[in-house]
Amino acid sequence: QMGEITKLYPENSALWKLYQETFENLKKNSHLSVVQGVLLTMGHMGMRLSEKGLKSALNISNYVDWAIRMYQRGRVVTTLAESGLDLYLLGRGWENLPAAGLPNVHRIDDRIPYGDTLAHMADARINLNVMPGFKQGTHDRIFNTLLQRSVPLTDSSAWIDDNYTDGVDIALYDLDHLEKLPG
């Protein structure tokens, strides 16, 4: 997804550098939202944008959000797969992970309508989630998992921390301590 940035901005342009460095900063600090990452990176770069320019920069940052989410999903799935747990993956892009070739990693399907995923959620005891780059809210996958009588296994957010109890109605993992995830 970061390749999409190159289509929008010439490589090594100021905005291209902003998004590349934002991605690196988000890799280093998983607790930052994408907006916080963009603003932090702008500060480090000494970059100043008009209000209109800032709105545009934040709008395009959805590519960074997708890229960092795919990066974190890769780390999470690799950690679980290398631990020997059986994983059943649904959706696109999983085939790009080196862990996808492990014998305990199974592909259910590629891309299906979201409504059709509910039956798969109901079949699963645990549904894995990696939160998008907003850190105050939650994802509808958490609610849908619970409605299907399955346990969401997810990284946290302020809203999740305020509304759920780890080990009671949700299972949480920390992106900064994935070594604990298989347990």
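Read on for a plain summary of the structure.

Basis of the calculations
- Residues numbered from 1 in each chain as written.
- Predicted model: local features only at pLDDT ≥ 70, side-chain atom pairs only at ≥ 80, totals over all residues.
- Heavy atoms only, no water.
- Salt bridge = Lys/Arg side-chain N within 4 Å of Asp/Glu carboxyl O.
- Phe/Tyr/Trp six-rings, centres within 6.5 Å; stacked < 30°, edge-to-face > 60°.
- Helix = DSSP H or I, 4+ residues; strand = E, 2+ residues; numbered from the N terminus.
- Buried < 20%, exposed > 50% of the residue type's maximum accessible area, 1.4 Å probe, protein only.
- Polar contact = N/O pair within 3.5 Å; in protein donor to acceptor, adjacent residues only side chain to side chain.
- Contact = heavy atoms within 4.5 Å.
- Pairing = 2+ DSSP bridges.
- Axes fitted to C-alpha atoms, helices over the stretch in contact; angles between N-to-C directions.
- Expected span 1.5 Å × (residues − 1).

## Points about the pattern of salt bridges
Piece 1. Applying the stated criterion across every chain, the model contains five salt bridges.
Piece 2. The closest approach of N and O atoms between Arg-107 and Asp-110, which form a salt bridge, is 3.6 Å.

## Section: the packing of aromatic side chains
Piece 1. All chains considered together, the criterion is met by three aromatic pairs.
Piece 2. Ring centres of Phe-23 and Tyr-71 lie 6.0 Å apart, and the angle between their planes is 75°; on these two criteria the pair is classed as edge-to-face. Of the two residues, Phe-23 is situated in helix 2 (residues 14-28) and Tyr-71 in helix 5 (residues 62-82); the sequence distance between them amounts to 48 residues.
Piece 3. Since its relative accessible area comes to 12%, Phe-23 is described here as buried.
Piece 4. Of the residues examined, Tyr-71 reaches a relative accessible area of 30% and is grouped as partly exposed.
Piece 5. Between Trp-159 and Tyr-164 the ring centres are 5.8 Å apart and the planes differ by 65°, which places this aromatic pair in the edge-to-face class.
Piece 6. Classification of Trp-159 by relative accessible area gives partly exposed; the value is 30%.
Piece 7. These aromatic residues form a ring-pair network of at least three members: Phe-143, Trp-159 and Tyr-164.

## Observations regarding the side chain of Ser-157
Piece 1. Here Ser-157 lies in the loop between strand 4 (151-154) and helix 8 (158-163).
Piece 2. Side-chain polar atoms of Ser-157 contact the backbone nitrogen of Ile-160, separated by 3.1 Å.
Piece 3. The residues touching Ser-157, leaving out its near neighbours within four places in the chain, are Met-131, Lys-135, Gln-136 and Gly-137.

## Comments concerning the sheet that holds strand 4
Piece 1. Strand order in the open sheet formed by three strands is 3-4-5, with parallel pairing between adjacent strands. The strands lining the two open edges of the sheet, one partner per strand, are strand 3 (126-129) and strand 5 (171-172).
Piece 2. Both strand 3 and strand 4 contribute to a ladder of four bridges, which runs parallel. Pairing of Asn-127 across the sheet is with Pro-152, part of strand 4.
Piece 3. Seen against the sheet, helix 7 (residues 140-147) touches strand 3 and strand 4 and runs at an angle of roughly 150° to strand 4.

## Section: helix 5
Piece 1. With 21 residues, helix 5 extends 30 Å between its outermost C-alpha atoms, agreeing within 8% with the 30 Å of an ideal straight helix rising 1.5 Å per residue.
Piece 2. All of the buried residues along helix 5 are Val-64, Asp-65, Ala-67, Ile-68, Arg-69, Gln-72, Arg-73, Gly-74, Val-76, Val-77, Leu-80 and Ala-81.
Piece 3. At the exit of helix 5 stands Gly-84, carrying a positive phi of roughly 100°.

These values are about where atoms sit, not about what they do.
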